[in-house]
Amino acid sequence: MSASKLQESGEVRIAHALHTKEEEFVVKRREIVFQSLQKHEIRCSQNKVPHIALLSSGGGQRAMVGLLGSLVQLDKAGLLDCILYLSGVSGSTWCMASLYQEPDWSTKLETVKDNIIKRLSGPGVSWGDAFAKLKKYYNGKDFFSLTDLWAAIVVTTYMKEIDEHTLTDKRSQLGKDPFPIYTVTDKQSKQEEGGDPWFEITPHEAGYSLSGAFVETSSFGSQFDNGSKKKHQPEMDMLYLQALCGSALTFFSVFRFVQCLFSSKDPNSPPVEKWYLVLMDLVDMNLCVLNVKDPSALDQSIRTTLNDLAGGKSQLIFPTQKLNLSDKEAAKLYMKQYTEDVCNYLSQFSLGPFGRLNLRLCICRCMALWIWGRNYNFLHNMTDESVPSALLQSQTRDFEDAGLLLNSPYFSVLRKERDIDLIISLDFSEGDPFMTVREAADRFKKLNISFPEVNIPSEDLEKPKDFYVFKGQNAPTVIHIPLFNVVNCGDDIKTWRKKYHTFQDSYSAEKITDLMEVAGKNISNNREKLKEQIAAVVGKKAHH
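Keep in mind the model is a prediction, meaning the values are calculated, not measured.

## Focus on the overall build of the chain
Across its full length, the chain carries 21 helices and 14 strands. By the compact-globule yardstick of 24 Å for 544 residues, the chain fits well, its C-alpha radius of gyration being 25 Å. Viewed in the frame of its principal axes, the chain has a C-alpha envelope of about 85 × 60 × 40 Å. Counting over 544 residues, the chain shows a buried share of 57%. Restricting the contact set of the chain to residue pairs at least 6 apart, pairs at least 24 apart contribute 73%. Carbon and sulfur atoms make up 49% of the accessible area of the chain, which amounts to about 22700 Å² in all.

Written out as structure tokens, the structure reads:
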């Protein structure tokens, strides 16, 4: 099927032009930006309105709350209406999901902010509701992965809600707010020669930013063959989307939550009890190997329990073998096969009324194969030379946190057709406050995509300032704003970083307020500098 016919079909679209609905939105939003510039006495003609993108990095709750605090101050500075696009990675997308629940949130941000803080610092989702949601995911679609587990058990813990809206539910409400772009990465493409790993999801379509291969958002996850939909799958809800975007967590963290999940067992059924013993030992054995500890006692316990479960009548089919813990890659492969073998062995036994144990077994398989975000590949069996061939061959693709590739969504806004003049990058990363912008410069140089050179004074590496501007020939201006810096934290940068490290329990109302204030200072302290840079890109655009 040709590219033009595919576009007409409304299903798979291979083209570098923007979606027609996004183009229509941009026209309307540019009018709002124009009016905002007039209020700030920044003069420009209506056909030279600058395209300004606000980017927000990953960083778990820190990014979620930091973005909220920054947006509140942009609003107070009267600059929020200058923003055309809002794009996030990982934890920042959690904030975006909360904001876009409310139509025209940017016109009533103070109220929306108060409601979000009240929810985040309030009571959590009950275990019963979370587990019911998990079962709904398990029963409702063809592919289940650790992303479904993460959504139901972890994202609900941080967000204190089960958001079952979809992106397409909100399309009609895209009025007076910046255009939202959520981002993930294609796991296989990161490892494939010439792959296209950057994947964006908007209210209209989802797809590969560099290749220009897209599908309607409502059909993302459905089964396609040669550009035509073969089997519908339900559109992902916002809870799943937040898990898909924000899943950059450690191996250990997943096992810890799985242990919690496995701990709710029914002690009145000995066979079921044995099932749980095996699965708990299996989780512990994986952890043992991860921490380079001898797992032989757990191996023996698993084999003994399985033998009891089979009444001594069934032989174990997976071999006993000496595990070489010093070779980490070999140990990882061994445990992957071992976990698969145990799960396959367990599947031969009847569960009677305890069918939900199939869910636990499925989780074990996902852990063994480390499956995140598995969905049907909408490009399967297509023929198009503009798309990497590997993307056209596989029936499924796995998607994960974009922060594992680049912790800020530069790829999505640097699509040529979005014609971005100014990028305001809020960096909530843990650790090196310049790593993201430097990595972006390196990557885009290799891809021949225009990006300014990034030079950081050596004395700033340990003591970052709160405002950096990078400019280049025929490249968008990039403003880089590190969260914790010498201006808003003084000499206490390390103290603030320690207080708001990535992996911790849900923030209290006090921690939320304090972090919002610190993040907000990066905007309020630089209001005039932001206006100067906006005026500069207006001037630059006027002369082109």
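## Focus on unusual backbone geometry
For residues other than glycine, phi is negative in most cases, and the peptide bonds are mostly trans. Its identity is not glycine, yet Asn-226 carries a phi of approximately 50 degrees, on the positive side. Positionally, Asn-226 belongs in the loop between β8 (223-225) and β9 (228-231). Under the relative-accessibility criterion, Asn-226 is labelled partly exposed at 30%. Even without a glycine there, the phi angle at Asp-419 is positive, about 50 degrees. Topologically, Asp-419 is positioned in the loop between α16 (410-413) and β12 (422-427). For Asp-419, a relative accessible area of 40% corresponds to the partly exposed category.

## As for the pairing of strand β4 (residues 179-186)
Within a regular strand, side chains alternate between the sheet's two faces. With respect to burial, β4 is a largely interior element, eight of its eight residues being buried. Burial along β4 is two-sided: Phe-179, Ile-181, Thr-183 and Thr-185 facing one way and Pro-180, Tyr-182, Val-184 and Asp-186 facing the other are all buried. When strand β3 (residues 85-89) meets β4, the two strands line up parallel, connected through five bridges. Its bridge partner being in β4, Val-89 is matched across the sheet by Thr-183. Where β4 lies against strand β5 (residues 198-201), four bridges are found, and the strand directions are antiparallel. What sits directly across from Thr-185, in β5, is Trp-198.

## Focus on the domain arrangement of the chain
By domain assignment, the chain separates into domain 1 (12-244 + 382-543) and domain 2 (265-363). Centre-to-centre, using C-alpha coordinates, domain 1 lies 40 Å away from domain 2. The interface is formed by seven residues belonging to domain 1 together with six residues belonging to domain 2. Buried area between domain 1 and domain 2, both sides added, is near 600 Å², and the carbon and sulfur share of it is 84%. By the criterion of area lost to domain 2, the three top residues of domain 1 are Phe-131, Tyr-138 and Phe-144, representing 67% of everything that side buries. Taken together, the connections running from domain 1 to domain 2 amount to zero residue pairs in polar contact (both at pLDDT 80 or more). Of all the elements in the fold, those that place two or more residues in the side of domain 1 that touches domain 2 are α6 (127-140) and α7 (146-159). Top element by residues in the side of domain 1 that touches domain 2 is α6. It accounts for four residues. The class makeup of the residues in the side of domain 1 that touches domain 2 is six nonpolar, no polar and one charged.

## Some details on the pairing of β5
Residue alternation in β5 divides its side chains into two sets, Trp-198 and Glu-200 and Phe-199 and Ile-201, and both sets are buried. Judged from the three bridges that link them, β5 and strand β6 (residues 205-208) form a sheet pairing that is antiparallel. Among the inter-strand pairings, Glu-200 is bridged to a residue of β6, identified as Gly-207. Taking the residues that link successive antiparallel strands as the turn, the β5-β6 hairpin has three residues.

## A word on the packing of aromatic side chains
Within this structure, the stated rule accounts for 26 aromatic pairs. Judged by centre distance (5.2 Å) and plane angle (35 degrees), the rings of Phe-199 and Phe-220 are tilted. Of this pair, Phe-199 sits in strand β5 while Phe-220 is found in the loop between β7 (213-216) and β8, placing the two residues 21 residues apart along the sequence. Residue Phe-199 shares its accessibility class with Phe-220, and that shared class is buried. Judged by centre distance (5.3 Å) and plane angle (80 degrees), the rings of Tyr-500 and Tyr-507 are edge-to-face.

## A short note on the nonpolar core
Among the nonpolar cores identified, the biggest contains 166 residues, and Leu-71, Leu-99, Tyr-182, Ile-201, Leu-379, Tyr-410 and Phe-451 are the most heavily contacted of them. Shared between two domains, this core holds at least three residues of each, these being domain 1 (12-244 + 382-543) and domain 2 (265-363). Not counting residues up to four positions away in its chain, the partners in contact with Tyr-182 are Gly-88, Thr-93, Met-96, Ala-97, Tyr-100, Leu-167, Phe-199, Glu-200, Ile-201, Met-238, Leu-241 and Cys-245.

## Thoughts on the environment of Asp-299
Structurally, Asp-299 can be placed in helix α12 (residues 296-309). Placed 158 residues apart in sequence, Asp-299 and Pro-457 show a C-alpha to C-alpha distance of 54 Å. The residues touching Asp-299, leaving out its near neighbours within four places in the chain, are Met-285 and Tyr-338.

## Some remarks on the environment of Val-27
Position of Val-27 relative to the elements: it lies in helix α2 (residues 20-39). Taking the C-alpha atoms as reference, Val-27 lies 10.0 Å from Asn-47; in sequence the two are 20 residues apart.

## Structural notes on the packing of α12 against helix α13 (residues 328-346)
For the pair α12 and α13, interaxial distance at closest approach is 11 Å and the crossing angle is 15 degrees. Considering their axes alone, α12 and α13 lie roughly parallel with respect to each other. Handedness of the crossing formed by α12 with α13: left-handed. Across from Asp-299, Ile-302, Arg-303, Leu-306 and Leu-309 in α12, the residues of α13 making contact are Tyr-338, Val-342, Tyr-345 and Leu-346.

Reading guide: rules and limits
Residue positions within a chain follow its written sequence, with the count starting from 1. At least 70 in pLDDT is required for a residue's local features to be given in this predicted model, at least 80 for side-chain atom pairs to be given and counted, and no such filter applies to totals for whole chains, interfaces and linings, which use all residues. Each side-chain value is derived from all of the structure's non-hydrogen atoms; neither hydrogens nor water enter the calculation. Strands here mean DSSP runs of E at least two residues long; helices mean DSSP runs of H or I at least four residues long; both are numbered from the N terminus. With the radius of gyration taken over C-alpha atoms, the globule rule is written as 2.2 Å times the number of residues to the power 0.38. Note on exposure labels: buried denotes an accessible area under 20% of the residue type's maximum, exposed denotes more than 50%, and partly exposed covers the range between, all computed with a 1.4 Å probe on protein chains only. We call two residues in contact whenever any of their non-hydrogen atoms come within 4.5 Å of each other. Each accessible area is a Shrake-Rupley estimate made with a 1.4 Å probe; only the visible protein chains count as cover when residues are assessed. DSSP-based pairing: two strands are paired if at least 2 bridges between them are found. A domain assignment, automatic or from a database, supplies the domain bounds used here. By definition, the buried area sums, over both parts, the 1.4 Å-probe accessible area that each loses when the two are put together. Here a polar contact is taken to be a pair of N or O atoms separated by no more than 3.5 Å, where protein atoms must pair a possible hydrogen donor with a possible acceptor and residues adjacent in sequence count only if both atoms sit in side chains. The nonpolar class holds Ala, Val, Leu, Ile, Met, Phe, Trp, Tyr, Cys and Pro. Asp, Glu, Lys and Arg form the charged class, and all remaining residues, Gly among them, are polar. When two rings of Phe, Tyr or Trp (its six-membered ring) have centres within 6.5 Å they constitute a pair, described as stacked for plane angles under 30 degrees, edge-to-face for angles over 60, and tilted for the intermediate range. In this text, buried Ala, Val, Leu, Ile, Met, Phe, Trp, Tyr and Cys residues form a nonpolar core when linked through side-chain atoms within 4.5 Å. The angle between two axes is taken between their N-to-C directions and runs from 0 to 180 degrees, where each axis is a line fitted to C-alpha atoms and a helix contributes only its stretch in contact. Comment on the angle field: the value is read as roughly parallel under 35 degrees, roughly antiparallel over 145, roughly perpendicular from 65 to 115, and oblique elsewhere. Left-handed is the label given to a crossing in which the near helix is rotated counterclockwise from the far helix by less than a right angle, and right-handed is the label when the rotation is clockwise.

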